[in-house]
Amino acid sequence: MEKYLNRCVKSIVNQSYKNLEIILVDDGSPDNCPTLCEDWAKRDSRIKVVHKENAGLGYARNTGIENATGDYICFFDSDDYIALDAIEKAYSLAAKEKSDIVVFGFCNVKSNGETGKTVIPKTEKVTYSGNEVRNTFLADLIGPDIKNGTQTNLWMSAWASMYSLDMIRKASWKFVSEREIISEDIYSLLELYKYVNRVSVLSEALYFYCENAGSLTHTYKKDRYSKIKDFYNECCQLIENNGYGVAVLDRIAYPYLSNTIAALKMIILSDASQNVKKQEVKEIVDDEHLQTVLRRKNYDKEKLTRKLLLNLMKSKQYGLCYLLLSIKAR
């Protein structure tokens, strides 16, 4: 993260809202990041640096929670950055609506620095409260309603929100480690929303999510699909334990399928031979767990390429799956 850290920290120290506590967690970084963090702390008295042994992203965020003393908290990844008025706008809405969480949009930034797709939330209401949070908002946060094609552009990620620290403390809530459950922020937020009474939506792109070929989400490992499957099963169990509605259980298939497609693309982009890649794609598409989830869904309201790919996967047309994935992975 060494080459991205200064960009991230600059976007935070230069916020229009100045009353900040900025916690930089050095999760056992082997590069020059620890020194850069200490240099920033010397330049800005609002910055606190915590050095710890490497334990992963989820636990690094927990270290931030443990050291935070403010009213609200955000979790920003060091290879990304935020709009200069992000905190001011999110905090203003949180204070006005007395919200436990404020959710905002984001913009993708390509590896060459050009901005790509912008994702701006489009919800019917600014603020959801009580049972609306769990029965309506949470389902839309997990994924779109493919039965009617409704897309709210909400994004379930740790960095796309501002959170009440008081709520987090009262719930004794923490992130799980991505080494235990892949997509740890989705799983962890599923647990947190049990305690959320009011959530507000800021329909602006305030976060800049930067493509980074070396990040966790772009690194393929042989056991990745197995972990994605475990993630889905753990989420289903958590949804049942928390008494969430059928809509929430139905929507959790969306990130499961999205993560599976991403894993298939990583196989295509790997250095393995074409025969090995085709075999690995076939093994995943053949998986009975995946086929069970695929058979439960109708994909007519999905976007065209995703609908085509999911239907090809469901019908086990491996060659066409491989061809389409190769096109999408370019």
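That block above? That's the structure.
Just so we're clear, the structure is a prediction, and the values are computed from it rather than from any experiment.

Another aspect to go through is the overall build of the protein chain. Looking only at helices and strands, the protein chain has 14 helices and nine strands in total. Here the protein chain has a C-alpha radius of gyration of 20 Å; the compact-globule value for 330 residues is 20 Å, and the two agree. When the backbone C-alpha atoms are referred to their principal axes, the protein chain occupies close to 60 × 45 × 35 Å. Looking at the protein chain as a whole, 50% of its 330 residues are labelled buried.

Contact pair helix 8 (residues 224-241) / helix 10 (residues 253-269): the axes reach a minimum separation of 10 Å and the direction vectors enclose 175°. By the criterion of interaxial angle, the relationship of helix 8 to helix 10 is roughly antiparallel. Contacts between helix 8 and helix 10 involve Arg 224, Tyr 225, Ile 228, Lys 229, Phe 231 and Tyr 232 from the former and Ala 253, Pro 255, Tyr 256, Asn 259, Thr 260, Ala 263 and Met 266 from the latter. Partitioned by chemical class, the residues of the contact of helix 8 with helix 10 number nine nonpolar, two polar and two charged.

A few words now on the packing of aromatic side chains. Under the definition given, this model contains 14 aromatic pairs. Between the aromatic rings of Trp 159 and Tyr 209, the centroid separation amounts to 5.4 Å while the plane-to-plane angle is 25°, which identifies the pairing as stacked. Here Trp 159 is found in the loop between helix 5 (131-142) and strand 8 (161-164), whereas its partner Tyr 209 is found in strand 9 (residues 198-210), with 50 residues between them in sequence. The cationic tip of Arg 61 hangs over the ring face of Phe 175; the distance from NZ or CZ to the ring centre is 5.1 Å. It is Arg 306 that lies over the ring of Tyr 254; its NZ or CZ is 4.1 Å from the centre.

Our next topic: the pattern of salt bridges. As enumerated under the stated definition, the model contains 22 salt bridges in all. The salt bridge partner of Arg 251 is Asp 145, with a shortest N-O separation of 3.7 Å. Taken together, the residues span a long stretch of sequence, with Arg 251 in helix 9 (residues 246-251) and Asp 145 in the loop between helix 5 and strand 8 at a distance of 106 residues. Neither residue differs from the other here; Arg 251 and Asp 145 are each classed as buried. Glu 288 serves as the salt-bridge partner of Arg 295, at 2.5 Å between the closest nitrogen and oxygen. Residue Glu 288 is classed as partly exposed on the basis of its relative accessible area of 45%. Residues joined in a network through salt bridges with shared partners are Arg 61, Asp 77 and Glu 184.

Turning our attention to the pairing of strand 8. Judged by which residues are buried, strand 8 turns out to be covered on both faces: Ser 161 and Tyr 163 on one side and Met 162 and Ser 164 on the other are all buried. Pairing geometry for strand 3 (residues 72-73) and strand 8, over two bridges, is antiparallel. Bridging across to strand 8, Tyr 72 finds its partner in Ser 164. Examined bridge by bridge, strand 5 (residues 101-109) and strand 8 share three bridges and lie antiparallel to one another. Bridged to Ile 101 within strand 8 is Tyr 163.

Cut-off values and rules
- Residues numbered from 1 in each chain as written.
- Predicted model: local features only at pLDDT ≥ 70, side-chain atom pairs only at ≥ 80, totals over all residues.
- Heavy atoms only, no water.
- Helix = DSSP H or I, 4+ residues; strand = E, 2+ residues; numbered from the N terminus.
- Rg over C-alpha atoms; globule rule 2.2 N^0.38 Å.
- Buried < 20%, exposed > 50% of the residue type's maximum accessible area, 1.4 Å probe, protein only.
- Axes fitted to C-alpha atoms, helices over the stretch in contact; angles between N-to-C directions.
- Parallel < 35°, antiparallel > 145°, perpendicular 65-115°, else oblique.
- Contact = heavy atoms within 4.5 Å.
- Nonpolar A, V, L, I, M, F, W, Y, C, P; charged D, E, K, R; others polar.
- Phe/Tyr/Trp six-rings, centres within 6.5 Å; stacked < 30°, edge-to-face > 60°.
- Lys NZ or Arg CZ within 6 Å of the ring centre and 35° of its normal.
- Salt bridge = Lys/Arg side-chain N within 4 Å of Asp/Glu carboxyl O.
- Pairing = 2+ DSSP bridges.

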